[in-house]
Amino acid sequence: MKYLKSLYVQVIIGIILGIIAGWQFPGFNETAKLISETFINMIKMVIAPVIFFTIVLGIAGAGDMKKVGRVGLKAFIYFEVVTTLALVIGLVTANLVKPGANVAVNTASDASKAKVAEYVSESQHMDWGKFFSHIVPHNVVEAFSTGDILQVLFFSILFGVGLKMLGEKGHSLTGTFEKINQVLFNILKIVMKLSPIAAFGGMAFTIGKYGFGTIIALGKLLLTFYLTGFLFIFVVLNLVCIYYKINLWKLLGYIKEELLIVLGASSSEAALPSIMQKLTAAGCEKEVVGLVIPTGYSFNLDGTTIYLSMATIFLAQAFNIPLSLGQQLTILGILLLTSKGAAGVTGSGFIVLASTLTAMKVIPLEGLALLFGVDRFMSEGRAIVNIIGNTIATVVIAKSENEIDMERYRMVVEKKTTRLI
């Protein structure tokens, strides 16, 4: 019975019960959706203040401001290299496996086609210049109220630098912020106790609304996507871990509860504050965690980029449209831009796909309707790959900057103790 006290076990039970409930009682899906969304809203409630206080305290406590800039630059370079690899892997795998071959293109419902029209309309109004200018909030309160991660991140960095410039005068404020941050994480601990219920709701909604039939209809695409995500984690990211002498399996074991919560909630945001807390507890410096994790949630979405490249090739195969090497390289170039430009936008995956297909002018836009049913099943995989990618990025960048207490990391993550001789 002691195992039932483990949050990890409770979340697994919640997922299993959710699958059964969605299968046996499909009419329960709207209530289940409400349960899942309520939990995600409770997490989002603390995301903005957690990011703010973590970054401010990290920068205010940093010894060298040049280091903060260096960490930010390293993070962006790392993000760009890794997401490019993810795009390439998605393209190559889709070409080899051909998940779109022999798929019936007339299976989309009228409702799905109507949704496609909405996403196409949104993609046509996307302005990449405005996206970058949008990073600077015109109203700080609004940035916090809407939970815009990039805007909160931008303001937090400036506030942290301003507090750092106060010197000793700012120590009292720093102390107050430390206490507030502790309160926020105590709130998070309370909310996380509800994660098994959220996992139940998320899975019940997914199975109840879309059913197992959708999985069978587009099973090859689903299987190919998950296989590609698996290879990306255990080959590409594992090689990065090996180079930096990090045990990938131990790190995944350390964040197993967060991975299950993400699986149940189908959103990587559900585990954002918890991951920040765990990485700090594992010895990573606050300013590194505060800079890399929130930025990664917008610019290091490895799972999403794999999905985008694979979905584009899938649609071309479904419509029997052969794409030349030049056209596929063009897709790669477009996605390198569009996958960043729609960060934080609701339904961003479909908006990015719509804008990419619009730019290509080769693949019919109505093909997006084919993906609606199976997208929910892939969103869980995307979220898991995203959170693993950002966790590894934080540890790697912290280690490259010597901003991680490796003795503490080994004790907390790898469960190793140091022997005194």
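Conventions adopted
Residues numbered from 1 in each chain as written. Predicted model: local features only at pLDDT ≥ 70, side-chain atom pairs only at ≥ 80, totals over all residues. Heavy atoms only, no water. Axes fitted to C-alpha atoms, helices over the stretch in contact; angles between N-to-C directions. Helix = DSSP H or I, 4+ residues; strand = E, 2+ residues; numbered from the N terminus. Left-handed = near helix turned anticlockwise from the far one by under 90°. Contact = heavy atoms within 4.5 Å. Nonpolar A, V, L, I, M, F, W, Y, C, P; charged D, E, K, R; others polar. Phe/Tyr/Trp six-rings, centres within 6.5 Å; stacked < 30°, edge-to-face > 60°. Buried < 20%, exposed > 50% of the residue type's maximum accessible area, 1.4 Å probe, protein only. Lys NZ or Arg CZ within 6 Å of the ring centre and 35° of its normal. Salt bridge = Lys/Arg side-chain N within 4 Å of Asp/Glu carboxyl O.

Undergrad: Can you lay out the packing of helix 3 (residues 65-97) against helix 14 (residues 286-299) for me, pointing to particular residues and giving the numbers?
TA: Axis separation between helix 3 and helix 14 bottoms out at 10 Å; the angle between their running directions is 30 degrees. For helix 3 against helix 14, the interelement crossing comes out right-handed. Of the residues in helix 14, those in contact with K67, V68, V71, A75, F76, F79 and T83 of helix 3 are E287, V288, L291, V292, T295, G296 and F299. Of the residues in the contact of helix 3 with helix 14, the class split is nine nonpolar, three polar and two charged.

Undergrad: Any details on the environment of A101? Residues and values, ideally.
TA: Examined against the element boundaries, A101 turns out to sit in the loop between helix 3 and helix 4 (110-124). Distance from A101 to L221, taken between C-alpha atoms, is 9.9 Å for residues 120 residues apart in sequence.

Undergrad: Give me the lowdown on the packing of aromatic side chains, citing residues and values where you can.
TA: A complete count under the given rule lists 16 aromatic pairs for this structure. For the pair Y78 and F79, a centre-to-centre distance of 6.3 Å together with 75 degrees between the ring planes defines the contact as edge-to-face. Judged by relative accessible area, which is 13%, Y78 ranks as buried. With a centroid separation of 5.6 Å and an interplanar angle of 80 degrees, the aromatic rings of F225 and Y226 are classed as edge-to-face. Classification of F225 by relative accessible area gives buried; the value is 3%. Here the aromatic cluster, defined as three or more aromatic residues joined through ring pairs, consists of F52, F53, F144, F155, F159 and F177. In this structure, R382 is placed above the aromatic ring of Y307, and the distance from its NZ or CZ to the ring centre is 4.2 Å.

Undergrad: Quick rundown of unusual backbone geometry? Include the residues and the values.
TA: Phi is positive for K245, which is not a glycine, with a value near 55 degrees. Within the secondary structure layout, K245 lies in the loop between helix 10 (219-243) and helix 11 (248-254). Classification of K245 by relative accessible area gives exposed; the value is 70%. The phi dihedral of N402 falls on the positive side, at around 55 degrees, and the residue is not glycine. Note on N402: relative accessible area 69%, which makes it exposed.

Undergrad: Got a sec to walk through the pattern of salt bridges? Specific residues and values, please.
TA: Enumeration according to the criterion identifies five salt bridges in this entry. The residue E401 makes a salt bridge to R70 at a minimum N-O spacing of 2.9 Å. One end of the pair, E401, is in the loop between helix 18 (372-400) and helix 19 (406-412); the other, R70, is in helix 3, with 331 residues separating them in the sequence. By relative accessible area, which is 9% here, E401 ends up buried. R70 sits in the partly exposed class, given a relative accessible area of 38%.

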